[in-house]
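As a plain string of letters, each chain reads:
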Amino acid sequence: MASARLHSRFGRFFGAASLSLVSWLPSASAVGAADMTSPTMTAPAAAAPEWTITVSPYLWATSLNGDAAVLGHKRAVDIPFRDTVKDLKFGFMGAVEIQRGKLGFYVNGQYADIESQDNFRRLDIGIGSRMTVLAAGAFYRILESPLGGSTLHGAPRVFALDPLVGVRWTRLTGSIRVGGFGRSESESWLDPYVGARATLDLDERWNLTAEADIGGFGVGSRITYNAQAYLGYRTTLFGRPTMLRAGYRALYQDYREGGFLWNVTQHGPVLGASMQF
């Protein structure tokens, strides 16, 4: 029974509530030509758009559903967010995006360290898991349709579409300690992916963003997909243009290697803010 109990606890805490993806930038650059000052003078060339940096800390309240296996021992994963957050030792989620004109680059990372302590027949038992997910890529704006008027931060209101491409690196570590003895196993893999992001300015303050990608293709995971949608509200914090966001995200990964299995969907609501510099 001790072994069954340990396997059950390990299956419960192996999935780390991570904090996905998310990196967004809804604003568009606008340039204007200078007026001619005399019939013999030509207008100077429009200034090139400057680089902008957007920093986006966020919280992804993740629940996990699926199947996981370590050392060939397969267990169902059904973990609501409330069961993992109480044992969370440390977690971080955030994204950084840089953009100039239509071209942009981004990095988005989540890290969670979870550990549970128990006592069984006078033995101290520790069960832990660590999860790191890091995505990086590029996007290019192929469509920007004016909607009339401006946003709170002075950019034109638009509907925009940005195809994107990137890679997502995942590392999972599960550990168990009984008394003074312990064992752990780690797996990491890299998934290429392709996708697109759409943004819609509803008015000067409110914004809708949706993003989806698919990848893996047998390079790392057999298949993986990510989908997210957010409602944003423009404001100003510390003198910087800021977008407050609330939405929902789901990330599915099907990775198998030897006796290791991670066939799990992480999903849950997201709260965050994007500050532009």
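In short, a report on the structure. (Residues numbered from 1 in each chain as written. Predicted model: local features only at pLDDT ≥ 70, side-chain atom pairs only at ≥ 80, totals over all residues. Heavy atoms only, no water.)

### So, the pairing of strand E11 (residues 223–237)
Examined bridge by bridge, strand E10 (residues 206–215) and E11 share 10 bridges and lie antiparallel to one another. Pairing of Asp213 across the sheet is with Asn226, part of E11. When E11 meets strand E12 (residues 240–257), the two strands line up antiparallel, connected through 15 bridges. Counterpart to Leu231 in the pairing with E12 is Ala246. Between the end of E11 and the start of E12, which pair antiparallel, lie 2 residues, with Phe238 showing a positive phi angle near 55°. (Pairing = 2+ DSSP bridges. Helix = DSSP H or I, 4+ residues; strand = E, 2+ residues; numbered from the N terminus.)

### Some points on the pairing of strand E3 (residues 73–79)
Here strand E2 (residues 63–70) runs beside E3; their pairing, made up of 7 bridges, is antiparallel. Pairing of Asn65 across the sheet is with Asp78, part of E3. The antiparallel pairing of E2 with E3 creates a hairpin that spans 2 residues between the two strands, and Leu71 there sits at a positive phi of about 55°.

### Some words on the pattern of salt bridges
Summed over the entire model, instances satisfying the criterion amount to 7 salt bridges. Note that Arg197 and Glu97 form a salt bridge whose closest N and O atoms lie 3.2 Å from each other. Of this pair, Arg197 sits in strand E9 (residues 181–201) while Glu97 sits in strand E4 (residues 88–100), and the two are 100 residues apart along the sequence. In this structure Arg197 comes out as buried when scored by relative accessible area, which is 3%. The closest approach of N and O atoms between Arg256 and Asp254, which form a salt bridge, is 2.8 Å. Since its relative accessible area comes to 36%, Arg256 is described here as partly exposed. The structure contains a network of salt bridges with shared partners spanning Glu97, Arg141, Glu144, Asp162 and Arg197. (Salt bridge = Lys/Arg side-chain N within 4 Å of Asp/Glu carboxyl O. Buried < 20%, exposed > 50% of the residue type's maximum accessible area, 1.4 Å probe, protein only.)

Shape is all these values report; function is a separate question.
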